[in-house]
Amino acid sequence: MLRVYGSLRLGRGAGLVLSGFAPGPSGLPAERVLWWVSGEARLGRRARMEGTILARDSILLLDSASVEGGLVSTGGTVELRKLASVHSAPWLLW
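Caption draft 1: Seen up close, the pattern of salt bridges. The final tally for this structure, using the stated rule, is four salt bridges. Between Glu-50 and Arg-48 there is a salt bridge, and its shortest N-O distance comes to 3.0 Å. Between Arg-81 and Glu-79 there is a salt bridge whose closest N-O contact spans 2.7 Å. Given the relative accessible area of 35%, Glu-79 is considered partly exposed.

The following block contains the structure:
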């Protein structure tokens, strides 16, 4: 779990890509890394992020932004604009 105090914002075309996480019993797939955000999360156009976002406020993915993981908001909305995508996998224990 990675904690972000305040808002999480990725600009246009930015990427937040995890390195060194191998899937399987000896590793951790990207979607199982939890980004705990105490504010809002916003990904700009064509931004790419790995991990599951758990935000206290709203989550917004602008045009063509993508998340490899999941999106959960405890106190706001989750909005995906044109061609934005979320590629999730179920959380399984090995």
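What follows picks up the thread again.
Caption draft 2: Region of interest: the sheet that holds strand β11 (residues 78–80). Spatially, β2-β5-β8-β11 is the arrangement adopted by the four strands of the open sheet, whose pairing is parallel. Taken across any chain shown, the strands that pair with only one partner, and hence form the sheet edges, are β2 (8–10) and β11. Looking at each pair of strands side by side, their axes are set apart by 5° on average, direction ignored. Pairing of strand β8 (residues 59–61) with β11, which is carried by three bridges, proceeds in the parallel orientation. Its bridge partner being in β11, Leu-60 is matched across the sheet by Glu-79.

Caption draft 3: Structural view of the packing of aromatic side chains. Applying the stated criterion across every chain yields a total of zero aromatic pairs. Above the face of the Trp-36 ring, Arg-3 is positioned so that its terminal group lies 4.0 Å from the ring centre.

Caption draft 4: Fine view of the sheet that holds strand β1 (residues 2–4). Strand order in the open sheet formed by four strands is β1-β4-β7-β10, and the pairing between neighbours is parallel. Whereas interior strands pair on both sides, the edge strands pair on one side only; in this sheet they are β1 and β10 (71–73). Strand after strand, the sheet turns through a mean of 15° between neighbouring axes, direction not considered. One ladder, built from three bridges, connects β1 with strand β4 (residues 34–37); its direction is parallel.

Conventions we followed
- Residues numbered from 1 in each chain as written.
- Predicted model: local features only at pLDDT ≥ 70, side-chain atom pairs only at ≥ 80, totals over all residues.
- Heavy atoms only, no water.
- Salt bridge = Lys/Arg side-chain N within 4 Å of Asp/Glu carboxyl O.
- Buried < 20%, exposed > 50% of the residue type's maximum accessible area, 1.4 Å probe, protein only.
- Pairing = 2+ DSSP bridges.
- Helix = DSSP H or I, 4+ residues; strand = E, 2+ residues; numbered from the N terminus.
- Axes fitted to C-alpha atoms, helices over the stretch in contact; angles between N-to-C directions.
- Phe/Tyr/Trp six-rings, centres within 6.5 Å; stacked < 30°, edge-to-face > 60°.
- Lys NZ or Arg CZ within 6 Å of the ring centre and 35° of its normal.

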